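# Descriptive analysis of the structure
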Amino acid sequence: MTATSDGGRPAGPRTGDLLTIGQLAARSGLAASALRYYESLGLIHATRTAGGQRRYPRGTLRRIAFVRAAQRVGLSLDEAKVALDRLPERPAPSGTEWDAVAASWQSRIDEQIAELERLKTKLTGCIGCGCLSLTRCALYNAEDRAGRTGSGARYLLTRDPESGPEPAPVHAPDGCATRRAAR
């Protein structure tokens, strides 16, 4: 026996409330392949017709908008799924539910702002330095062990790959690496 809602019709979305993958792609602005990927990750859910075609409830549009908002904040798709899993399946979260998720994103946004401030400082220093050195630049070569040892394919030039590249070159007082003259 099929479950029915108050009106005596079967429970669940009506056929008119379901979208094909093409319709969902057109309305959401995502490619059908992205929608199938989202489905494989459990971000959205489809029902299947007797012929195996996907049908999505209209509320899926809100879930996609939620995922895209999460990505704009800098969350990964896995993190967006965790947030979605905390919300009910109904089309729209309540104001309280949305506030809880938004509050959890505030710290992420603050971290991004701090990172951008650090990047801005490094960029200003880099432009002021003028060296544009790929071997020592904190912006272009941050914490690159091989880059500190000199130019070229350092690991290919190394005799012992386990211990890393050759010893670092001597640095001039201004911090720039001195060029080894091959005379």
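Each value, and the rule that gives it
- Residues numbered from 1 in each chain as written.
- Predicted model: local features only at pLDDT ≥ 70, side-chain atom pairs only at ≥ 80, totals over all residues.
- Heavy atoms only, no water.
- pLDDT = per-residue confidence, 0-100.
- Contact = heavy atoms within 4.5 Å.
- Helix = DSSP H or I, 4+ residues; strand = E, 2+ residues; numbered from the N terminus.
- Buried < 20%, exposed > 50% of the residue type's maximum accessible area, 1.4 Å probe, protein only.
- Core = buried A, V, L, I, M, F, W, Y, C linked by side-chain atoms within 4.5 Å.
- Pairing = 2+ DSSP bridges.
- Salt bridge = Lys/Arg side-chain N within 4 Å of Asp/Glu carboxyl O.
- Expected span 1.5 Å × (residues − 1).
- Axes fitted to C-alpha atoms, helices over the stretch in contact; angles between N-to-C directions.
- Parallel < 35°, antiparallel > 145°, perpendicular 65-115°, else oblique.
- Nonpolar A, V, L, I, M, F, W, Y, C, P; charged D, E, K, R; others polar.

### A few points about the confidence of the model for the protein chain
Mean pLDDT over the protein chain: 73, with 58% of residues reaching 70 or higher. Residue range residues 1-7 is modelled with pLDDT below 50. Its contacts to residues more than four positions away, or to other chains, number 9 contacts. Contacts of residues 166-183 to residues separated by more than four positions or lying in other chains number 25 contacts, the stretch itself having pLDDT below 50.

### Quick look at the environment of Ala-80
With respect to the helices, strands and loops of the structure, Ala-80 is situated in helix α4 (residues 77-85). Look at Ala-80 and you get buried, because its relative accessible area is 0%. In the structure, Ala-80 is positioned 10 residues away from Ala-70 in sequence and 5.9 Å away in space, judged by C-alpha atoms. Apart from the residues lying within four places of it in its own chain, the contact partners of Ala-80 are Leu-43, Phe-66, Val-67, Ala-70 and Leu-75.

### Observations regarding the nonpolar core
A general tendency of soluble globular proteins is for nonpolar side chains to be buried together. The biggest cluster of nonpolar side chains holds 24 residues, and the ones touching the most others in it are Leu-24, Leu-35 and Trp-105. When residues of this core are traced back to their parent elements, those giving at least two are α1 (21-28), α2 (32-41), α3 (60-73), α4 and α5 (95-129). Residue contributions to this core peak at 6 residues, all from α3.

### Digging into the sheet that holds strand β2 (residues 47-48)
Spatial strand order, β1-β3-β2: 3 strands in an open sheet with antiparallel pairing. Of all the strands in the sheet, just β1 (18-19) and β2 have a single pairing partner and so form its edges. Both β1 and strand β3 (residues 54-57) contribute to a ladder of 2 bridges, which runs antiparallel. Residue pairing in the sheet places Leu-18 in a bridge with Pro-57 of β3.

### Focus: the pattern of salt bridges
Scanning the model with the defined rule gives 4 salt bridges in all. Its salt-bridge partner being Arg-108, residue Glu-79 comes within 2.9 Å of it at the nearest N-O pair. Here the residue Glu-79 occupies a position in helix α4, and Arg-108 occupies one in helix α5, the gap between them amounting to 29 residues. Overall, Arg-108 belongs to the partly exposed group, its relative accessible area being 23%.

### Some thoughts on α3
If you check α3, its first and last C-alpha atoms are 20 Å apart, about what 14 residues at 1.5 Å a residue would give, namely 20 Å. Burial in α3 covers these residues: Thr-60, Leu-61, Arg-63, Ile-64, Phe-66, Val-67, Ala-70 and Val-73. The first or second residue beyond α3 is Gly-74, which carries a positive phi of 110°.

### Let's talk about the packing of α1 against α2
Across the interface, α1 lies against α2 with an axial gap of 9 Å and an inter-helix angle of 105°. Classified by the angle between their axes, α1 and α2 sit roughly perpendicular to one another. Residues Ile-21, Leu-24, Ala-25 and Ser-28 of α1 form the contact with α2, whose participating residues are Ala-32, Leu-35 and Arg-36. A per-class count over the contact of α1 with α2 returns 5 nonpolar, 1 polar and 1 charged.

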